[in-house]
Structures are given as structure tokens and as C-alpha cells.
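What the coordinates show
In case you want the letters, here they are:
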Amino acid sequence: MMEEQNQQQNQLNIEISEEVAEGEYANLAIITHSHAEFVIDFVNVMPGTPKSKVKSRIILTPQHAKRFMKALTENIQRFEAANGKIQDLEEVQIPMNFGGPTAQA
């Protein structure tokens, strides 16, 4: 009985709006960090388009970033166990000026 009460106290009810549930497609993640946080910007870069917008930004503490990395690694391992190895795409060169002016010396 006590164990059942503890489980109920530890449950977390997470809700998601319809808009968020639709998700955003991203094919580029830009990761920056400071001593206090990691910032991950998710971008959808379209070929031949000189400008792209950040679709979503996630800000994590270093501890949460590490936990996220471990969870993602575990999920990729499970996916590959069920579906086969994920093949790396050949490296794509994305211009880092993102359509802005090119610096000159």
C-alpha cells in the first residue's frame, strides 16, 4: 500500500498542445555553450536557399545536456538493434555565414 502511494506521488502528468505535438522538422542543429548552459538551435536548411530560420531553441543546464546525450545514445542503440545500423551521410558543407555578408580581412 505504501509503495503504491509513493508511485502516485512520483508520477508526472505531462501535457502537450496540438501545435507542439505537430513538431518541427530540422536537418541542422547548432550547439553553443557557456559555463552555465547549452543552447541547441534546430534549423531547417533548404538547398539553394541562402537564408534559414531557427525553428526551435532548447536551453539546457550542463547536467541536463549530458543526461540528454546519454538518453539519445541509448535510444539510437535500441533503434539500430531493431532496424540495423544508421548510415552516416557524406559530410555536407553548409556555409556558416547563413546568407549574410562574408567577412574579409
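Residues numbered from 1 in each chain as written. Predicted model: local features only at pLDDT ≥ 70, side-chain atom pairs only at ≥ 80, totals over all residues. Heavy atoms only, no water.

Looking at an unreviewed UniProt entry, one finds the chain named DUF3467 domain-containing protein, with Niastella caeni as its source organism.

**Examining the side chain of Asp 41**
Relative to the helices and strands, Asp 41 resides in strand β2 (residues 38-43). Only 2.6 Å separates the side chain of Asp 41 from the side chain of Arg 57, close enough to count as a polar contact. Aside from chain neighbours lying at most four places away, what touches Asp 41 is Leu 28, Ala 29, Ile 30, Val 54, Ser 56 and Arg 57. (Helix = DSSP H or I, 4+ residues; strand = E, 2+ residues; numbered from the N terminus. Polar contact = N/O pair within 3.5 Å; in protein donor to acceptor, adjacent residues only side chain to side chain. Contact = heavy atoms within 4.5 Å.)

**Remarks on helix α3 (residues 62-83)**
A rise of 1.5 Å per residue sets the reference length of α3, with its 22 residues, at 32 Å; its end C-alpha atoms lie 31 Å apart and thus fit the reference within 8%. Remark: Gly 84 follows α3 within two positions and exhibits a positive phi of approximately 95°. (Expected span 1.5 Å × (residues − 1).)

**Digging into the environment of Val 43**
By the element assignment, Val 43 lies in strand β2. Each C-alpha atom of the pair Val 43 and Ala 26 lies 5.0 Å from the other, and the pair is 17 residues apart in sequence.

**Overview of the layout of surface pockets**
When its volume is computed, the second largest pocket comes out at roughly 210 Å³. Lining the second largest pocket are Ala 29, Ile 31, Phe 38, Ile 40, Phe 42, Leu 60, Pro 62, Ala 65, Lys 66, Phe 68, Met 69 and Leu 72. At the level of secondary structure, the elements contributing two or more residues to the lining of the second largest pocket comprise β1 (28-33), β2 and α3. The dominant element in the lining of the second largest pocket, judged by the number of residues it contributes, is α3, at 6 residues. Across the lining of the second largest pocket, the residue classes break down as 11 nonpolar, no polar and 1 charged. (1 Å grid on protein atoms, 1.4 Å probe; cavity = no way out; pocket = protein on both sides within 12 Å on 5 of 7 lines; lining within 4 Å. Points joined across faces, edges and corners; volume = space filled by probe spheres on them. Nonpolar A, V, L, I, M, F, W, Y, C, P; charged D, E, K, R; others polar.)

**Focus on the pairing of β2**
Every regular strand shows the same layout, with side chains that alternate between the two sheet faces. Relative to β2, β1 is paired through 6 bridges, and the arrangement is antiparallel. The residue of β2 that forms the bridge with Ile 30 is Asp 41. Between β1 and β2, which pair antiparallel in sequence order, lie 4 residues. As paired strands, β2 and strand β3 (residues 54-60) are joined by 6 bridges and run antiparallel to one another. Within β3, the position partnered with Phe 42 by the bridge is Ser 56. (Pairing = 2+ DSSP bridges.)

**Points about the sheet that holds β2**
Read across the open sheet, the 3 strands follow the order β1-β2-β3; overall the sheet is antiparallel. A strand with exactly one partner marks an edge of an open sheet, and here the two such strands are β1 and β3. Here the average twist between neighbouring strands, direction ignored, is 15°. (Axes fitted to C-alpha atoms, helices over the stretch in contact; angles between N-to-C directions.)

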